[in-house]
Amino acid sequence: MLITVIITVVEHIVHLIHITERRDKVFLVDLKSRVPIYEQLKKKTLELIMYGVLQPGDKMPSVRNLAIDLGINPNTVQKAYQDMEKDGIIYSASGRGSFICEDVKDKTLYTDETIENLSKAIYEVRLYGMKKTEVIEIVEQEYKKGAGYDTSK
């Protein structure tokens, strides 16, 4: 299980390097994943905001262009955009497109599933003997990586 955590961390590091080198191709989806594509797009957008690749006020790709680039149905992209607009992540300006909300970094966007995943991770590291101080140190390091997020929350 600890190996799984390490592999996941390495994958995220490689992914972040890829994002910063190729900003034009940041919306990649896994067509073989069990996670619906519209949810992958939403999560990817949140990651890009958290790591500072997308900033408040930045224009999102058009629904049509993103669908063409990813080879997916435009209705799937539209569903992701509608969900993100409902959650206050993006907003639409008639005739201009969709943009990252100015106050997105102040919003609480986690879900019950997020809390459940965190609880499982804490259980797992405790199971393998990691000390609370080590966990807190890792959490603090991860929060420092979140460019622009209010880390006091």
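Residue positions are counted from 1 within each chain, in the order its sequence is given. Per-residue local features are limited, in this predicted model, to residues with pLDDT of at least 70; the limit for side-chain atom pairs, both in listing and counting, is 80 or more; totals at the level of whole chains, interfaces and linings are taken over all residues. Where side-chain values are given, they derive from all heavy atoms of the structure, hydrogens and water being excluded.

Draft legend 1. Focus on the pattern of salt bridges. Put simply, a salt bridge is a Lys or Arg side-chain nitrogen that is within 4 Å of an Asp or Glu carboxyl oxygen. Across all of its chains, the model carries 4 salt bridges by this definition. Its salt-bridge partner being Asp-87, residue Lys-86 comes within 3.7 Å of it at the nearest N-O pair. Per-residue accessibility, obtained with a 1.4 Å probe over protein chains only, is compared with the maximum for each type, and a residue is labelled buried under 20%, exposed over 50%, and partly exposed between these values. Given a relative accessible area of 26%, Asp-87 falls into the partly exposed group.

Draft legend 2. How the structure looks around the packing of aromatic side chains. Any two of the Phe, Tyr and Trp rings considered here, Trp counted by its six-membered ring, make a pair once their centres fall within 6.5 Å; the pair's planes then place it as stacked at under 30 degrees, edge-to-face at over 60, or tilted in between. Considering all chains together, one arrives at 1 aromatic pair under this definition. Consider the rings of Tyr-91 and Phe-99, whose centres lie 5.6 Å apart with planes at 25 degrees: the pair is stacked. Note that Lys-79 overlies the ring of Tyr-38, its terminal NZ or CZ placed 4.4 Å from the centroid. Over a ring means this: the NZ of a Lys or the CZ of an Arg is within 6 Å of the ring centre and within 35 degrees of the ring normal.

Draft legend 3. Focus on helix 2 (residues 37-50). Strands are runs of DSSP state E lasting at least two residues, helices are runs of H or I lasting at least four, and both sets are numbered from the N terminus onward. Here the expected length of a helix is defined as 1.5 Å per residue gap, with one fewer gap than residues. Taking 1.5 Å as the rise per residue, helix 2 with 14 residues should run 20 Å; its terminal C-alpha atoms sit 20 Å apart, in good agreement. Every buried residue of helix 2 is accounted for by Gln-40, Leu-41, Lys-44, Thr-45, Glu-47, Leu-48 and Ile-49. Taken from the residues just after helix 2, Gly-52 is the one with a positive phi, measuring 80 degrees.

Draft legend 4. Fine view of the nonpolar core. Phe-27, Leu-41, Met-60, Val-77 and Tyr-81 are the most contacted members of the largest nonpolar core, which has 23 residues in total. Those elements that place two or more of their residues in this core are helix 2, helix 3 (63-70) and helix 4 (74-86). The contact rule is simple, with two residues in contact once any of their heavy atoms fall within 4.5 Å. Setting aside anything within four residues of it in sequence, one finds Met-60 in contact with Phe-27, Thr-45, Leu-54, Tyr-81, Met-84, Ile-90, Ser-98, Phe-99 and Ile-100. Here, nonpolar core refers to any group of buried Ala, Val, Leu, Ile, Met, Phe, Trp, Tyr and Cys residues whose side-chain atoms link them within 4.5 Å.

Draft legend 5. Representation of the environment of Glu-102. If you trace the backbone, Glu-102 turns up in the loop between strand 2 (97-100) and helix 5 (112-127). Given the relative accessible area of 57%, Glu-102 is considered exposed. Separated by 44 residues in sequence, Glu-102 and Asp-58 place their C-alpha atoms 9.1 Å apart. As used in this structure description, the phrase polar contact means that two N or O atoms lie within 3.5 Å; if the pair is within protein, one of them must be able to donate a hydrogen and the other to accept it, and residues adjacent in sequence are counted only when both atoms belong to side chains. Of note is the side chain of Glu-102, whose polar atom sits 3.5 Å from the backbone nitrogen of Gly-57.

Purely geometric numbers; function is a separate question.
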